[in-house]
Amino acid sequence: MDKRTALFEKHKSLGAKMVPFAGFEMPVQYSGVTEEHFAVREKVGMFDVSHMGQFLIEGENAEALLQFVTSNDVSALEVGKAQYSCLPNGNGGIVDDLIIYKMGDEKFFLVVNASNIDKDWEHISKYNEKFGAKMTNQSDEISLIAVQGPKAADTLQKLTSVKLDEIPYYNFAIGEVAGVQDVMISNTGYTGSGGFEIYFKNEAAEKLWDELAKAGEEFGIMPCGLASRDTLRLEKGFCLYGNDIDDTTSPLEAGLGWITKLDKDFVDRDFLAKQKEEGVSRKLAGFEMQEKAIPRQGYEVVDADGNVIGKVTSGTMSPMKKIGIGLAYLDKPHFKTGSEIFIRIRNKDVAAKVVKVPFV
């Protein structure tokens, strides 16, 4: 039986098409993917992302634990700041990607992918035997709404006295929103169009959803589903766990060297240092179709002679560019920008070109 977020009934009443996703019944779309996509790019959209997992890690060894299990440098965080990172799995792959929020000197809040909640919890717990930090799984108690797009700040600002323009990217504040206390307001998001993610107790979910919908009405706010969330993140070249990164892909192969700090001791450090020194044999790269075609996850990538040189991990028709775009792991040297590649679509090899991400 799939779980439901606190906003399930709200989605049904809005006519959302519900689908099973990561163990939850989630809205895939409301009015239509393209419409929702452009609402976020040009105005403002709101997403229920309450399926995501949340862990609290506290105590004098909380930072030391996180410094060891994640790839990024947790010691660089100050209270009020957030950090994108990943959990290396001990075999050169990735358990999950996540965001770490520093709430206090000995208090950290982790946001992980819905499909990996149990896996991540077990993974971190295994290493915590040595560190003894206090771990609390808050995933079932916390709801999360993402308000995204150029008018997101104007929408949210109507409901809070917290000065949103004083929260830089990847920073957060805690305050009151629409009369609800202790809301965490984070300048983060997965759309590349700016905006905020707000975390709060489940009880306040419907109230905050309705207040946001009202506040954003003048800007043309729309409820948005998983499908537009996917096209939005793909246009920006953001990795999705389970597609573009997983237990078989290293952070360096995935282009996540920027969150892999080799000047500290952490799980897989030596493996990754060696991989960096030797260079990767395959890499995640963006590509654009040169003919009218839509690439899909799992399609083979071949060279001009038909030799398989990689596999598509994410693909879609870009609503902004009106062409097929995608991410693929490509063997060396084919991942170089400008390389001519071919996507095998139903036995036909369709021309594509490796490009720098973001696509838009």
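Residues numbered from 1 in each chain as written. Predicted model: local features only at pLDDT ≥ 70, side-chain atom pairs only at ≥ 80, totals over all residues. Heavy atoms only, no water.

A. Main features of the domain arrangement of the chain. As assigned here, the chain comprises domain 1 (7-49 + 140-235), domain 2 (53-132) and domain 3 (281-359). The gap between the C-alpha centroids of domain 1 and domain 2 is 24 Å. If you look at the interface, domain 1 gives 13 residues, while domain 2 gives 14 residues. Here domain 1 meets domain 2 over a buried area of about 1100 Å², counting both sides, of which 66% is carbon and sulfur. Considering only the surface of domain 1 that becomes buried against domain 2, Tyr170, Phe172 and Tyr199 emerge as the three largest contributors, covering 47% of it. Across the domain 1-domain 2 interface, the total number found is 0 salt bridges. (Domains from an automatic or database assignment. Contact = heavy atoms within 4.5 Å. Buried area = accessible area lost by both parts, 1.4 Å probe. Salt bridge = Lys/Arg side-chain N within 4 Å of Asp/Glu carboxyl O.)

B. Highlighting unusual backbone geometry. The linkage connecting Lys332 with the following residue, Pro333, adopts the cis geometry, with an omega of 0°. Along the chain, Pro333 falls in the loop between strand E18 (324-331) and strand E19 (340-345). For the bond from Val357 to Pro358, the omega torsion is 5°, close enough to zero to count as cis. One non-glycine residue, Tyr170, adopts positive backbone phi at about 60°. Relative to the helices and strands, Tyr170 resides in the loop between helix H5 (152-157) and strand E11 (172-177). Positive phi, close to 70°, is recorded for Asp268, a residue that is not glycine. Within the secondary structure, Asp268 is located in the loop between helix H7 (226-235) and helix H8 (269-278). With a relative accessible area of 13%, Asp268 lands in the buried category. (Helix = DSSP H or I, 4+ residues; strand = E, 2+ residues; numbered from the N terminus. Buried < 20%, exposed > 50% of the residue type's maximum accessible area, 1.4 Å probe, protein only.)

C. Seen up close, the UniProt feature "domain: GCVT N-terminal" (unreviewed entry) in the chain. UniProt tags residues 7-264 as "domain: GCVT N-terminal" (unreviewed entry). Along residues 7-264, the helical share is 26% and the strand share 31%, with 41 Å between the first and last C-alpha atoms. (UniProt positions renumbered as here; feature names shortened; annotations may be inferred.)

D. How the structure looks around helix H6 (residues 205-215). For H6, every residue scored as buried is listed here: Ala205, Leu208, Trp209, Leu212 and Ala215. Down the axis of H6, the smallest arc covering the buried residues is 135°, so these residues share one side. (Arc of directions from axis to C-beta.)

E. Up close: the sheet that holds strand E4 (residues 45-48). What the 6 strands build is an open sheet, ordered E11-E12-E13-E10-E4-E14; its pairing is mixed. Looking at the sheet topology across the chains shown, the edges are occupied by E11 and strand E14 (222-224). Strand after strand, the sheet turns through a mean of 30° between neighbouring axes, direction not considered. Across 3 bridges, the pairing between E4 and E14 is parallel. (Pairing = 2+ DSSP bridges. Axes fitted to C-alpha atoms, helices over the stretch in contact; angles between N-to-C directions.)

F. Representation of the packing of aromatic side chains within the structure. For the structure shown, the criterion picks out 10 aromatic pairs. When the ring of Phe68 is compared with that of Tyr127, the centres are 5.7 Å apart and the planes differ by 65°; the resulting orientation is edge-to-face. Placement of the pair is Phe68 in helix H3 (residues 62-69) and Tyr127 in helix H4 (residues 117-131), with a sequence separation of 59 residues. Relative to Phe131, the ring of Phe68 has its centre 6.1 Å away and its plane inclined at 40°; by these criteria the two rings are tilted. With Phe68 in helix H3 and Phe131 in helix H4, this residue pair connects regions lying 63 residues apart in the sequence. For the pair shown, Phe68 and Phe131 are each scored as buried. The ring of Tyr329 carries the charged tip of Arg282 above its face, separated from the ring centre by 4.6 Å. (Phe/Tyr/Trp six-rings, centres within 6.5 Å; stacked < 30°, edge-to-face > 60°. Lys NZ or Arg CZ within 6 Å of the ring centre and 35° of its normal.)

G. Inspection of the pattern of salt bridges at higher detail. Taken as a whole, this structure holds 18 salt bridges when the rule is applied. The closest approach of N and O atoms between Asp210 and Lys10, which form a salt bridge, is 2.8 Å. With a gap of 200 residues between them, Asp210 in helix H6 and Lys10 in helix H1 (residues 8-13) connect regions that are remote in the sequence. Look at Asp210 and you get partly exposed, because its relative accessible area is 35%. Residue Lys10 is classed as buried on the basis of its relative accessible area of 14%. Measuring nitrogen to oxygen at the nearest pair gives 2.9 Å for the salt bridge that ties Asp230 to Arg233. Remark: Arg233 and Asp230 occur in helix H7; sequence separation between them is 3 residues, near one turn of the helix. Taking relative accessible area as the criterion, Asp230 reaches 27% and is therefore assigned partly exposed. The class of Arg233 is buried, set by a relative accessible area of 0%.

H. Looking closely at the nonpolar core. If you look at the biggest cluster of nonpolar residues, it comprises 37 residues, and the most contacted ones within it are Phe47, Tyr101, Phe109, Tyr199, Ile245 and Leu256. At the level of secondary structure, the elements contributing two or more residues to this core comprise helix H2 (33-42), strand E6 (82-88), strand E7 (94-104), strand E8 (107-112), strand E10 (142-148), E14, H7 and E18. Setting aside residues no more than four positions away along its own chain, Tyr199 makes contact with Gln54, Tyr101, Phe109, Val111, Ile142, Ser143, Leu144, Asp182, Val183, Met184 and Ser186. Core analysis: the second largest hydrophobic core is formed by 32 residues, Val44, Val147, Leu164 and Phe200 among them. (Core = buried A, V, L, I, M, F, W, Y, C linked by side-chain atoms within 4.5 Å.)

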